[in-house]
Amino acid sequence: MKDEKIRKAPTRRSFLASTTGLGLILATGTAPAFIREAGASKMRKVTFMLPWLFVGGHAFEFVAQKQGWKKRGLDVAITRGYGSGAACKTISAGKAMFGEASYGVMVNTVSKGLDVVAIGAKLQRSPIAISCRSDSGIKTVKDLEGKRLVQAAASGDTVMLPGFVRAAGIDGSKVNQIIVHPSKLISTVVNKQAECTGSYYVSNAATLEQKTPSVHFMYADFGLQTLDLGLITRSDMIKKDPDLVQAMVDGAMEGLKLQILDSGAALDIMIAAKPELKTRERSLLLTQAGNTNALCLGPAVKDHGLGHMLPDDQTRTRDVVIKYMEAKNVPPVDKLFDNRFAGNIKMSAAEWDKAVATNAKYNPGKA
């Protein structure tokens, strides 16, 4: 009717002119829908580099790409990696904005002048290992002497091998190390051109086990226990755009939570994004995800949320790199790890119990 007043939705100008509306934003940190959605049609493009191939344990990043990052206004392009060292170099050079890498490798690269910072751990336990065919006769770590070990040049297991052999008490000069392209690691061992491969328990160790009975030597079991695979970026990104860093960490950890609680659902999202994975054995992809999940769980996650990095674990990671990799000029812990962005995504007590029970069969044992 003509005499009725038509209530109009507030405009940006009228809302922000209202002290009540402005107070709401300041008090809650949440803008009304029309402000949150402003610019949503223009997603911010972000580049993200993995440390390795598209394996099951990276399903969470594709969940984040579709859900967590997307709802935060981010259009994230995910590219495969060629080892943690390569990921650190790429991000330090500004050729990718964010990525995932082994934190032991990251600390070592920072000591050599690269600019990368840890912003949220995926793995609370190190996945780095040496994996060998069971029919090679290798039963103990001492049996590696005199055997052939294939490794990729920039991989974390390669970079940390000198520390591993010292910690394990074996003669590294008696291990016949052969550097091959990452794509040749598994086939070289399966074809019996080598007995062992440097591996990550979350990826190629699972692949080898799928093809032939294997024995795995976890670096963590010999004292090289570190925070490991996790999110990294440049220090100037943190200074210039902390909101973007926060969005990337929160989105990723939301994805990781789904992967931990329901690997199958997370894997479906990854396969939809990377249809070529349909040709991979689903059981292998699920094993890779399960192995990853088992190493994600720890006191830091239970008590403080996903991605959190306990101070003692940060210090131990730095100390392992200095002691076993003989890294020099290593910056202090607060220059290597920035814990401000992690821990917002948590699991309830019931979710924690489910996570532990669901992934128990993938646990390689305590370090």
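Fair warning: this is a prediction, and the values are worked out from it, not measured in the lab.

1. A few points about the overall build of the chain
Along the backbone of the chain there are 18 helices and 10 strands. Counting over 367 residues, the chain shows a buried share of 54%. Considering only residue pairs separated by 6 or more positions, the chain has 81% of its internal contacts joining residues 24 or more positions apart. Put simply, the chain shows about 16,900 Å² of open surface, and 54% of that area lies on carbon and sulfur atoms.

2. Quick word on the packing of aromatic side chains
For the structure on display, the rule yields 5 aromatic pairs. Between Phe48 and Trp69 the ring centres are 5.4 Å apart and the planes differ by 45°, which places this aromatic pair in the tilted class. Remark: Trp69 occurs in the loop between helix H4 (59–68) and strand E2 (74–79) and Phe48 occurs in strand E1 (residues 44–49); sequence separation between them is 21 residues. Comparing Phe48 with Trp69 shows no difference in burial state: the two are buried. Both rings, one in Phe54 and one in Phe62, keep their centres 5.9 Å apart while their planes meet at 70°; by these two values the pair is edge-to-face. Take Phe54 and Phe62: they sit in the same class, and that class is buried. Here the aromatic cluster, defined as three or more aromatic residues joined through ring pairs, consists of Phe164, Tyr219 and Phe222. Arg80 extends its terminal NZ or CZ atom over the ring of Tyr82, reaching a point 3.9 Å from the ring centre.

3. Overview of empty space enclosed by the protein
One pass over the structure, following the stated rule, counts 1 cavity of 30 Å³ or more. If you add up the space inside the largest cavity, you get close to 150 Å³. Along the walls of the largest cavity sit 17 residues, with Pro51, Trp52, Tyr200, Ser203 and Leu229 positioned nearest its centre. Here the residues of the lining of the largest cavity sort into 7 nonpolar, 9 polar and 1 charged.

4. Focus: the sheet that holds strand E8 (residues 196–200)
With mixed pairing, 5 strands are arranged side by side in an open sheet as E7-E6-E8-E5-E9. Looking at which strands have only one partner, the edges of the open sheet turn out to be strand E7 (176–179) and strand E9 (214–218). Along the sheet, successive strands turn relative to each other by an average axial angle of 30°, direction set aside. Bridge count between strand E6 (residues 148–151) and E8: 2 bridges; the pairing is parallel. Counterpart to Val150 in the pairing with E8 is Thr197. Along the sheet, helix H10 (residues 204–211) contacts strand E5 (128–133), E8 and E9; its crossing angle with E8, the most-contacted strand, is approximately 130°.

Criteria and cut-off values
Residues numbered from 1 in each chain as written. Predicted model: local features only at pLDDT ≥ 70, side-chain atom pairs only at ≥ 80, totals over all residues. Heavy atoms only, no water. Helix = DSSP H or I, 4+ residues; strand = E, 2+ residues; numbered from the N terminus. Buried < 20%, exposed > 50% of the residue type's maximum accessible area, 1.4 Å probe, protein only. Contact = heavy atoms within 4.5 Å. Areas by Shrake-Rupley, 256 points an atom, 1.4 Å probe, with all protein chains shown as cover. Phe/Tyr/Trp six-rings, centres within 6.5 Å; stacked < 30°, edge-to-face > 60°. Lys NZ or Arg CZ within 6 Å of the ring centre and 35° of its normal. 1 Å grid on protein atoms, 1.4 Å probe; cavity = no way out; pocket = protein on both sides within 12 Å on 5 of 7 lines; lining within 4 Å. Points joined across faces, edges and corners; volume = space filled by probe spheres on them. Nonpolar A, V, L, I, M, F, W, Y, C, P; charged D, E, K, R; others polar. Pairing = 2+ DSSP bridges. Axes fitted to C-alpha atoms, helices over the stretch in contact; angles between N-to-C directions.

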